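Next come the chains, spelled out residue by residue.
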Amino acid sequence: MTTHHPITVVGAGLGGLALARVLHAHGIEAALYDLDASPAARVQGGMLDIHEDSGQQALRAAGLYEEFLTLVHRGGEAVRILDKDATVVFDEADDGTGGRPEIDRGDLRDLLLGSLPEGTVRWGAKVAGARALGEGRHEVALADGTVFTTDLLVGADGAWSRVRPLVSDARPVYTGVSFVEADLHDAELRHPVSAEVVGGGMLFALGEGRGFLAHRETDGSLHVYAALESPEEWLDGIDFTDTEAARARVLEHFADWDKSLRALIADADGALVPRRIHALPVGHRWQRVPGVTLLGDAAHLMSPFAGEGANLALLDGAELGLALAAHPGDTEAALTAYEEKLFPRSERSATESAEQGAQLFRADAPQQLAALFTSHHG
């Protein structure tokens, strides 16, 4: 007998978990499939600032807002903006009145996971493909040969979604920016200069065509991104298995930058991690396809420069859960209601992300970004 699930969510990232949690709160069970071998299979990335009108709204809908507040990084909303000579252009401490508390992505994922019944997530389940069976039902095949069917299939499976082809031919394209990620552990003690440069929260050190983005994590480490406007193949020419050589190759592009900024890569602990930044077309949308929809990066992958990705994934998941709860027995009405709000919302955020990405690596980027922060806080 083939297993059948009324609701299947592919991907146990923040969006998929938020959906499952809101459904659970309304007495509706969903099956989640994730390709990671376990919840601890990989590090979950750095800090997230959770926005009032999206991520926080989702956590309220999930009944987890109060618990979330106990996990936020006090002081993490501080912002510093420097130019390539390490001249401070903007420096704002976290006075506790900001509306975008910072939380470690892993802590947030654990909060969501812990709020679901045991066994909700099937780990080590890589989806190979899915096909329509008619009348809104789908058959999903896993890489290990397992097959199951579902009445509602939700693609919460990120940039390279295996569910997206059921509704759209769109593919992510390279944005022209590549990141190299690094970590500096126990920064106050082992990397005091870098700790001072980054400050208590987020650092933007910007110049023409490049920059360093960094933030302090709750464990006292610094998470750093060296960002470069570059051809898509630039990273292919660097041997990241040779950390010293990789460091030197990245720092070639920051030869005339202040030594305190170069140290963010020069002194990094452990391997450097290459990451190309991709995005789906701004305004990506699809015609209603019975029994299937997308959320998060699967629906609207965008560059990280407006800080909206995780927030939108949370909100998408919560809104889809609420729509399904509000339309019992009428999945199509629920999906229509969800997508009517999803499309304009994600188009606005994707536009903002693309515009901010274009601004961030201009020669006058430090001054422009400082003016933006000043206007938001003025």
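Note that the structure is predicted; figures quoted are calculated from it, not measured.

A.B. asks: Could you give me a rundown of helix H1 (residues 14-25), with the residues and numbers involved?
C.D. replies: Taking 1.5 Å per residue, 12 residues should reach 16 Å; H1 reaches 16 Å between its end C-alpha atoms and fits that length. Burial runs high along H1: 10 of the 12 residues are buried. Among the residues making up H1, those that are buried are Leu14, Gly15, Gly16, Leu17, Ala18, Leu19, Ala20, Arg21, Val22 and Leu23. Gly27 occupies a position one or two residues after H1 and carries a positive phi of about 75 degrees.

A.B. asks: Could you give me a rundown of the sheet that holds strand E13 (residues 210-216), with the residues and numbers involved?
C.D. replies: Pairing within the open sheet is mixed, and its 7 strands lie in the order E5-E4-E12-E13-E14-E11-E15. Of all strands in the sheet, those bounded by a partner on one side alone are strand E5 (88-92) and strand E15 (269-279). Between one strand axis and the next, the sheet turns by 15 degrees as a mean value, whatever way the strands run. With 6 bridges joining them, strand E12 (residues 202-207) and E13 adopt antiparallel strand pairing. Bridged to Phe204 within E13 is Leu213. With respect to the sheet, helix H8 (residues 259-266) is in contact with strand E4 (79-82), strand E11 (173-184), E12, E13, strand E14 (222-229) and E15, its orientation differing from that of E11 by roughly 85 degrees.

A.B. asks: Please provide a residue-by-residue account of the side chain of Ser161, values included.
C.D. replies: If you trace the backbone, Ser161 turns up in the loop between strand E10 (147-155) and E11. In this structure the side chain of Ser161 is engaged in a polar contact, spanning 3.1 Å, whose partner is the backbone nitrogen of Val163. Apart from the residues within four sequence positions on either side, Ser161 is in contact with Leu294 and Ala298.

A.B. asks: Run through the pairing of E13, naming residues and quoting values.
C.D. replies: Burial analysis of E13 places 6 of its 7 residues in the buried class, the great majority of the element. In textbook terms, the turn of a hairpin is the stretch between consecutive antiparallel strands, and for E12 and E13 this stretch comprises 2 residues, one of which, Gly209, has a positive phi near 75 degrees. Between E13 and E14, which pair antiparallel and follow one another directly, the connecting turn spans 5 residues, one of which, Gly220, has a positive phi of 85 degrees.

A.B. asks: Talk me through the pattern of salt bridges; I want residue IDs and the actual numbers.
C.D. replies: Enumeration according to the criterion identifies 18 salt bridges in this entry. Of the charged contacts in the structure, one is a salt bridge between Arg275 and Glu181, with a shortest N-O distance of 2.3 Å. Taken as a pair, Arg275 in strand E15 and Glu181 in strand E11 lie far apart in primary sequence, 94 residues in all. The partner of Arg216 in a salt bridge is Glu188, and the shortest N-O contact between them spans 2.8 Å. With a gap of 28 residues between them, Arg216 in strand E13 and Glu188 in helix H5 (residues 187-190) connect regions that are remote in the sequence. With relative accessibility at 54%, the residue Glu188 sits in the exposed group. Bridged by salt links that share partners, the residues Asp316, Glu319, Lys341 and Arg345 form one connected network.

A.B. asks: Can you explain the packing of helix H10 (residues 309-326) against helix H11 (residues 331-360)? Please cite residues and give values.
C.D. replies: The interhelical angle for the contact between H10 and H11, taken along N-to-C directions, is 160 degrees, at an axis separation of 8 Å. The angle between H10 and H11 falls in the class roughly antiparallel. Two packed elements cross with a definite hand, and for H10 against H11 that hand is right-handed. Residues Leu312, Leu315, Asp316, Glu319, Leu320, Ala323 and Leu324 of H10 lie in contact with H11, whose contacting residues are Thr331, Ala334, Leu335, Tyr338, Lys341, Leu342, Arg345, Ser346 and Ser349. Of the residues in the contact of H10 with H11, the class split is 9 nonpolar, 3 polar and 4 charged.

A.B. asks: Let's hear about helix H7 (residues 243-251): which residues, and what values?
C.D. replies: Among all positions in H7, only Thr243, Ala246, Arg247, Val250 and Leu251 are buried. Looking straight down H7, one finds that the buried residues subtend no more than 130 degrees of arc, so they occupy a single side. Looking at the buried positions of H7, the neighbouring elements they touch are E11, E14, H8 and E15.

A.B. asks: Give a detailed account of the side chain of Arg80, specifying residues and quantitative values.
C.D. replies: On the secondary structure map, Arg80 appears in strand E4. What makes Arg80 buried here is its relative accessible area of 15%. At 3.3 Å, the side chain of Arg80 and the side chain of Asp91 are in polar contact. For Arg80, the side chain forms a polar contact with the main-chain oxygen of Val197, separated by 2.7 Å. Apart from residues no more than four positions distant in its own chain, Arg80 is found in contact with Val88, Phe90, Asp91, Glu196, Val197, Val198, Gly199, Met202, Leu203 and Phe204.

A.B. asks: Account for the environment of Arg164, with residues named and values stated.
C.D. replies: Among the secondary structure elements, Arg164 is positioned in the loop between E10 and E11. The exposure class of Arg164 is buried, given its relative accessible area of 2%. Separated by 122 residues in sequence, Arg164 and Trp286 have C-alpha atoms that sit 9.8 Å apart.

Criteria and cut-off values
- Residues numbered from 1 in each chain as written.
- Predicted model: local features only at pLDDT ≥ 70, side-chain atom pairs only at ≥ 80, totals over all residues.
- Heavy atoms only, no water.
- Helix = DSSP H or I, 4+ residues; strand = E, 2+ residues; numbered from the N terminus.
- Expected span 1.5 Å × (residues − 1).
- Buried < 20%, exposed > 50% of the residue type's maximum accessible area, 1.4 Å probe, protein only.
- Pairing = 2+ DSSP bridges.
- Axes fitted to C-alpha atoms, helices over the stretch in contact; angles between N-to-C directions.
- Contact = heavy atoms within 4.5 Å.
- Polar contact = N/O pair within 3.5 Å; in protein donor to acceptor, adjacent residues only side chain to side chain.
- Salt bridge = Lys/Arg side-chain N within 4 Å of Asp/Glu carboxyl O.
- Parallel < 35°, antiparallel > 145°, perpendicular 65-115°, else oblique.
- Left-handed = near helix turned anticlockwise from the far one by under 90°.
- Nonpolar A, V, L, I, M, F, W, Y, C, P; charged D, E, K, R; others polar.
- Arc of directions from axis to C-beta.

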